[in-house]
Structures are given as structure tokens and as C-alpha cells.
Amino acid sequence: MSAGAVADWPPLSPGERSVAIEVLVHGPLSRTELARRLALSPGSLTRLTKPLIESGLLVEADGPGAPAGARQGRPSQPLSVVADSRHFLGVKLTADTAYGVVTTLRSDVVARHDRPLATRDPEAVADLLADMARTLRRDHPRIAGLGIGVGGLVRDRAVVGESAFLGWRDVPLAALVGRRAGLPVVVENDVAALVEAETWFGAGRGLDRFVVLTIGAGIGYGLVLGGRRVPFAEEDRGFGTHWVLDPSGPLGPDGRRGSAATLLTIPGIRRQVRAATGEDATYEEILARAGAGEPLAARVVGEAARGLGVLVAQIANFVLPRKILLAGEGVGLMDVAGDTVRETARAHRHPLAAPVDLETKVSDFHDWARGAAVLAIQVLVLGAART
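Below or above, wherever it landed, is the structure these notes cover. (Residues numbered from 1 in each chain as written. Predicted model: local features only at pLDDT ≥ 70, side-chain atom pairs only at ≥ 80, totals over all residues. Heavy atoms only, no water.)

1. Looking at the overall build of the protein chain
Part 1: For the protein chain, the count of helices and strands is twelve helices and 15 strands.
Part 2: Its C-alpha atoms give the protein chain a radius of gyration of 22 Å, within 12% of the compact-globule value 21 Å for 387 residues.
Part 3: Summarising its shape, the C-alpha atoms of the protein chain cover approximately 70 × 55 × 35 Å along the three principal directions.
Part 4: Burial status across the protein chain gives 54% buried among its 387 residues.
Part 5: Restricting to contacts in the protein chain with at least 6 residues of sequence separation, those with at least 24 account for 61%.
Part 6: Total accessible area on the protein chain stands at roughly 16500 Å², and carbon and sulfur atoms take up 53% of it.
Part 7: Each charge sign in the protein chain was given a centre, from 44 positive and 43 negative side chains, and these centres are 5 Å apart. (Helix = DSSP H or I, 4+ residues; strand = E, 2+ residues; numbered from the N terminus. Rg over C-alpha atoms; globule rule 2.2 N^0.38 Å. Buried < 20%, exposed > 50% of the residue type's maximum accessible area, 1.4 Å probe, protein only. Contact = heavy atoms within 4.5 Å. Areas by Shrake-Rupley, 256 points an atom, 1.4 Å probe, with all protein chains shown as cover. Lys, Arg positive; Asp, Glu negative; His and termini not counted. Charge placed at Lys NZ, Arg CZ, Asp CG, Glu CD.)

Here it is, written out as C-alpha cells:
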């Protein structure tokens, strides 16, 4: 197989795709284990794996986790993917920066590259992203596709229908960037991309019910049922402003009291402190002051922690997830007031309910970019069906 484009790997049948995904996410796996996981007969598994090996997507590894030294015809050898056979570029767009990462086929980050946005004009942003791709391909010539994560509504993994952060409506971003970069491009809502990455390669791997809750500039929510992300039309329409956690809580700019957006987001917490003191403190400064016992900061952070505890309990009560992952730039709240979050969550659940498996991951924008790269892996290489 050449080191060229994705086209070197032919489209996969549904059965081949199932085998490839199982090995990619959970491998290396012996044929016996793979057949057990997928409920396949030995003959069916041989039929499905043969084209995957011939195309170079799978190899027979010499040992656990070691795809080197492939030798075909050894049923006892585990099947694996060659993680470095392709690289993928993932980009997270914010209002002022394009954060980029290069990953392997298994989503391991091997390079980072960021660019400031001098303008939010879609054509200019597409030029910048294409130049980022060209720059990174000099050191990583096997980049086979580009995933872009955007805070906003995305249609058909190609068109940014609406993005308040960028001021965009109906921007055909995949086509704009693809023409310039000469790469296949997939675009998705940034929270959806992060959920996909955590489902395949992170905290949700192997879980049938899993929730990702992100706190940062806004509130993000992703639900996984049966191992698949559940899409919904309201993704990133600011539903955190309608998710009221404390009807007597602080007043938000939209006139609502105690919404998740007002209580939990970084702008919401900073706004409360600024309204009370006139000081434009950073989020990190507010958390540090709360940790040191400063009354105003401690009150604001305490209200946020109690609001988050209520939100976690609501999700746990209705979704019954096996795990809730808290991610995003704002989860430093857990370092200062994590006990309050957990105590509040317990108080809003049945006394005999099992404790919520609450995992925290401080995510920077490169984690979001990695999520976009995983979307490219899913869609461009494996042809995984849209969830």
C-alpha cells in the first residue's frame, strides 16, 4: 500500500467496518476474541479480515500492541492497525484562534500547530486552514484528512448553519477548505466531535450509556446510548440558558435567573463578580480567591458548584449513565468545590441510588481539536455511518 490518499483504502462493507472499528478501538485482538465480540463464525471472520489485511488497514501483530513485523496466515497472532500508516489533522475554531493537532489513526497527538484569526471572514479562514494543512504536511506527509470542530450548528458534516462565536450563517466550510487544502474535509459541532473522541478512545470507551458535560464559554452536552452518540437538532443553540437550576439564582443577561449558563460558564461567573465589584477578574483568579476563602468569590463559586451538582443529579436521574465526564476549560471548578458538587448531587438523588461515576478532564482547545481529528478518522477512513 502506498503512503498516498485515503482512496488507497477501498470503501468498507458494513461487516468489514465492524471488524475494523473493533480492532481500532479495542485492539490488538486475536481472531478468537474478535469473533466472540462480533458473534462471527471463524469462516465469516476470515472472509471479512482478508481484504482489510490486503489493503494494509489491518496487520497481524508480532505481539500485544506491536503492529510491526506483520506475518499473514498466523491465526494465533493478534490483529492490529498500523497507527502511523496515516495521520489526521484536527482543528478547533474559536472566535480568535485556530487550534490544530496531528494525530495517528489511533488519535494519539503527534504535533500541535495554532494560528490566530486575523479576521472571521469565511474565505480568509479557509485560506488560513489550508495553509496550516500545507505547513503540517511538510513534516507529516501522510495526513489523509482534515476534521474541523466549530461551536455552532453544523449540517451534513459540511456546512456551518450558524455559529455565534464566528458570526457565521450557512457557510459551506468543508467545500471552502477542501478546495484549498486538497484534502477530504469533515466539519462537526465541537461538542459532538469531543463526545465521539471520548466514546472511541477516551473515558466512554466500552460504555453503553455515557454522558459528556462541558463547561467553558458555554454549556455543552452529549449523550451516548448503546455505544453511539445521540444527535439532536438543538446542538449548541445555547440551551444552557434555558436549563434553569436555581429559580432564585443570579440574574443573567437574558433576564432568566439561575440558568446553567449564568451559574456555570466562565463568562457567567466572571459577570457575577464584575457586577458585584466592578473588577474584571479572570476565571482562574476567581477560583483562587474562592479557594483562599474570599467571601464574594467563595459565594459565587459555591453557587456554581451547587448548580453543577443539581445538573449532574438531573442527568443521572433521567439518563442513568454509567459515567458522566466533565470536560472543558471551566472544570477547574471541581478542584476548588468538587466536594460541594458531589454532596449536592447526592442530595438530589434517591438515598439508595448508586453514586454517580463522575470523571473530570480539564480540556484545552487541543483536546477539542483531537475530537475533530477523530471525526475525520471515523468518516473519511472507516466510512462510519453518521450517528
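Here the narrative resumes.
2. Quick notes on the packing of aromatic side chains
Aromatic ring pairs are defined here through the distance separating the ring centres and the angle between the ring planes.
Part 1: Enumeration over the complete set of coordinates arrives at three aromatic pairs.
Part 2: Both rings, one in Trp 200 and one in Phe 201, keep their centres 6.0 Å apart while their planes meet at 70°; by these two values the pair is edge-to-face. Across the pair, Phe 201 and Trp 200 agree in class, each one buried.
Part 3: Ring centres of Tyr 221 and Trp 243 lie 5.9 Å apart, and the angle between their planes is 85°; this geometry places the pair in the edge-to-face category. Taken as a pair, Tyr 221 in strand 12 (residues 219-225) and Trp 243 in the loop between strand 13 (228-229) and helix 7 (260-264) lie far apart in primary sequence, 22 residues in all. (Phe/Tyr/Trp six-rings, centres within 6.5 Å; stacked < 30°, edge-to-face > 60°.)

3. Some points on helix 1 (residues 14-26)
Helical periodicity: at 3.6 residues per turn, an α-helix aligns residues three or four positions apart in one direction.
Part 1: With 13 residues, helix 1 extends 18 Å from end C-alpha to end C-alpha; this agrees with the ideal 18 Å at 1.5 Å per step.
Part 2: Restricting attention to buried positions, one finds in helix 1 the residues Glu 16, Arg 17, Val 19, Ala 20, Ile 21, Glu 22, Val 23, Leu 24 and Val 25.
Part 3: If you follow the buried residues of helix 1, they end up packed against helix 2 (31-38), helix 3 (42-55), strand 1 (58-60), strand 2 (79-81), helix 6 (190-201) and helix 12 (365-381). (Expected span 1.5 Å × (residues − 1).)

4. Notes on the pattern of salt bridges
Part 1: Within this structure, the stated rule accounts for 24 salt bridges.
Part 2: Measuring nitrogen to oxygen at the nearest pair gives 2.9 Å for the salt bridge that ties Asp 280 to Arg 270. Note that Asp 280 is positioned in the loop between helix 8 (266-277) and helix 9 (283-291) and Arg 270 in helix 8, a separation of ten residues in sequence.
Part 3: For Asp 280, a relative accessible area of 48% corresponds to the partly exposed category.
Part 4: The exposure class assigned to Arg 270 is partly exposed, which follows from its relative accessible area of 25%. (Salt bridge = Lys/Arg side-chain N within 4 Å of Asp/Glu carboxyl O.)

5. Topic: the sheet that holds strand 8 (residues 159-163)
Part 1: Spatially, 7-8-9 is the arrangement adopted by the three strands of the open sheet, whose pairing is antiparallel. This sheet does not close on itself; its edge strands, each paired only once, are strand 7 (153-155) and strand 9 (168-171). Strand-to-strand twist in this sheet, taken as the mean axis angle between neighbours without regard to direction, amounts to 20°.
Part 2: Here three bridges tie strand 8 to strand 9, and the two strands are oriented antiparallel to one another. For Val 160, the partnering residue across the bridge sits in strand 9 and is Val 171. (Pairing = 2+ DSSP bridges. Axes fitted to C-alpha atoms, helices over the stretch in contact; angles between N-to-C directions.)

6. Here's the deal with the nonpolar core
Part 1: Ranked by internal contacts, the top residues of the largest apolar core, which has 39 residues, are Leu 213, Leu 264, Leu 308, Ile 315 and Leu 333.
Part 2: Secondary structure elements with two or more residues in this core: strand 11 (209-215), strand 12, helix 7, helix 8, helix 9, helix 10 (295-319), strand 14 (323-328) and helix 11 (333-347).
Part 3: Ranked by residues supplied to this core, first place goes to helix 10 with twelve residues.
Part 4: Residues in contact with Leu 264, not counting those within four places in the same chain, are Ile 215, Ile 219, Leu 245, Ile 269, Ala 304, Gly 307, Leu 308 and Leu 311. (Core = buried A, V, L, I, M, F, W, Y, C linked by side-chain atoms within 4.5 Å.)

7. Here's the deal with the sheet that holds strand 10 (residues 185-189)
Part 1: Reading across the sheet, the five strands line up as 5-4-3-6-10 and stay open at both edges, with mixed pairing between neighbours. The open sheet has two edge strands with one neighbour each: strand 5 (109-116) and strand 10. On average, each strand axis in the sheet is inclined to that of its neighbour by 20°, with strand direction left out of account.
Part 2: Here seven bridges tie strand 4 (residues 97-104) to strand 5, and the two strands are oriented antiparallel to one another. From the neighbouring strand, Val 101 faces strand 5, where its bridge partner is Arg 112.
Part 3: Strands strand 3 (87-93), strand 6 (143-150) and strand 10 of the sheet are contacted by helix 5 (residues 173-181), whose axis makes an angle of about 150° with strand 10.
Part 4: Here helix 12 sits on the sheet in contact with strand 3, strand 4, strand 5, strand 6 and strand 10, set at roughly 130° to strand 3.

8. A few points about the packing of helix 1 against helix 2
Part 1: At a minimum axis separation of 11 Å, helix 1 and helix 2 run at an interaxial angle of 115°. The crossing of helix 1 and helix 2 is right-handed. Contact residues: helix 1 offers Ser 18, Val 19, Glu 22, Val 23 and His 26, while helix 2 offers Leu 34, Arg 37 and Leu 38.
Part 2: A breakdown of the residues in the contact of helix 1 with helix 2 according to their chemical character gives four nonpolar, two polar and two charged. (Left-handed = near helix turned anticlockwise from the far one by under 90°. Nonpolar A, V, L, I, M, F, W, Y, C, P; charged D, E, K, R; others polar.)

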